[in-house]
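Here are the chains, one letter per residue:
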Amino acid sequence: MRIALYPGTFDPVTLGHIDIMRRAARLTDRLVIGVAINRDKGPMFDLEERVAMIEAEAAKLSAETGTEFVVHPFENLLIDCARDVGAQIIVRGLRAVADFEYEFQMVGMNRALDDEVETVFLMAEARYQAIASKLVKEIARLGGDITKFVSPAVAEALTGKLGR
Ligand code: ADP
């Protein structure tokens, strides 16, 4: 059974994340979405909210692809989380060249910690590549239209959060 772990903060989950999940689902039997608790990053959505938003999207993707989705909050080392969920693969999304340096280092360090787990990089469809949770939040804060970047449910949650 091929199990992959797709980790992130998902604050909130975007159409970019969903595109990567759909692609990763095609390659695996079970896709575990690792939701980093990340207290020090000061997320806009608390863990429960982030998990609920991902679960709603994961249910749709699971029905569409036949892959089992599991949403798994974690606070420990990524490589330990991969072991906990039995993943042989870590999936990361690559956007611009800017992501590369950090990801390159992460692979090096994670390999030193456990050489059995392979990191696989996927790229989203062109129209989703520029989407970043951070910018979506900024656009929402400034009253811009975010419907091109997130699902209707997440757009609603964002407007709700901002009291609009
Ligand atoms: P992190 O806090 O680890 O940066 P994110 O929630 O921002 O987590 O993203 C999780 C993963 O999804 C990362 O590998 C990130 O590069 C990837 N990702 C985010 N947005 C996109 C996108 N628009 N296209 C491709 N990959 C993306």
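A few points on the structure. (Residues numbered from 1 in each chain as written. Predicted model: local features only at pLDDT ≥ 70, side-chain atom pairs only at ≥ 80, totals over all residues. Heavy atoms only, no water.)

## Points about the overall build of the protein chain
Right, on to step 1. Within the protein chain, the regular secondary structure consists of six helices and five strands.
Right, on to step 2. Counting helices and strands in the order they occur from the N terminus, the protein chain gives β-α-β-α-β-α-β-α-β-α-α.
Right, on to step 3. With respect to the principal axes defined by its C-alpha atoms, the protein chain has extents near 50 × 35 × 30 Å.
Right, on to step 4. Within the protein chain, the fraction of its 164 residues that count as buried is 46%.
Right, on to step 5. A fraction of 75% describes how many contacts in the protein chain between residues 6 or more apart in sequence connect residues 24 or more apart.
Right, on to step 6. Charge centroids of the protein chain, computed over 20 positive and 25 negative side chains, lie 5 Å from each other. (Helix = DSSP H or I, 4+ residues; strand = E, 2+ residues; numbered from the N terminus. Buried < 20%, exposed > 50% of the residue type's maximum accessible area, 1.4 Å probe, protein only. Contact = heavy atoms within 4.5 Å. Lys, Arg positive; Asp, Glu negative; His and termini not counted. Charge placed at Lys NZ, Arg CZ, Asp CG, Glu CD.)

## Concerning a nonpolar patch on the surface
Right, on to step 1. Residues Val-97, Phe-100 and Phe-104 make up a contiguous nonpolar surface patch of about 380 Å² in total accessible area.
Right, on to step 2. Here Phe-100 lies in helix H4 (residues 97–113).
Right, on to step 3. For Phe-100, a relative accessible area of 46% puts it in the partly exposed group. (Patch = residues over 30% accessible without salt bridge, like charges linked within 9 Å, V, L, I, M, F, W, Y side chains within 5 Å. Areas by Shrake-Rupley, 256 points an atom, 1.4 Å probe, with all protein chains shown as cover. Salt bridge = Lys/Arg side-chain N within 4 Å of Asp/Glu carboxyl O.)

## Quick look at the environment of Ala-58
Right, on to step 1. Relative to the assigned elements, Ala-58 resides in helix H2 (residues 47–65).
Right, on to step 2. Sequence spacing of Ala-58 and Ile-18 is 40 residues, and the spatial spacing of their C-alpha atoms is 8.4 Å.

## A word on the pairing of strand E3 (residues 68–74)
Right, on to step 1. As paired strands, strand E2 (residues 30–36) and E3 are joined by seven bridges and run parallel to one another. In the strand pairing of E3, Val-32 is matched with Val-70.
Right, on to step 2. A crossover links E2 with its parallel partner E3, the connecting element being H2, and its sense is right-handed. (Pairing = 2+ DSSP bridges. Right-handed = clockwise from strand over helix to strand, strands pointing away.)

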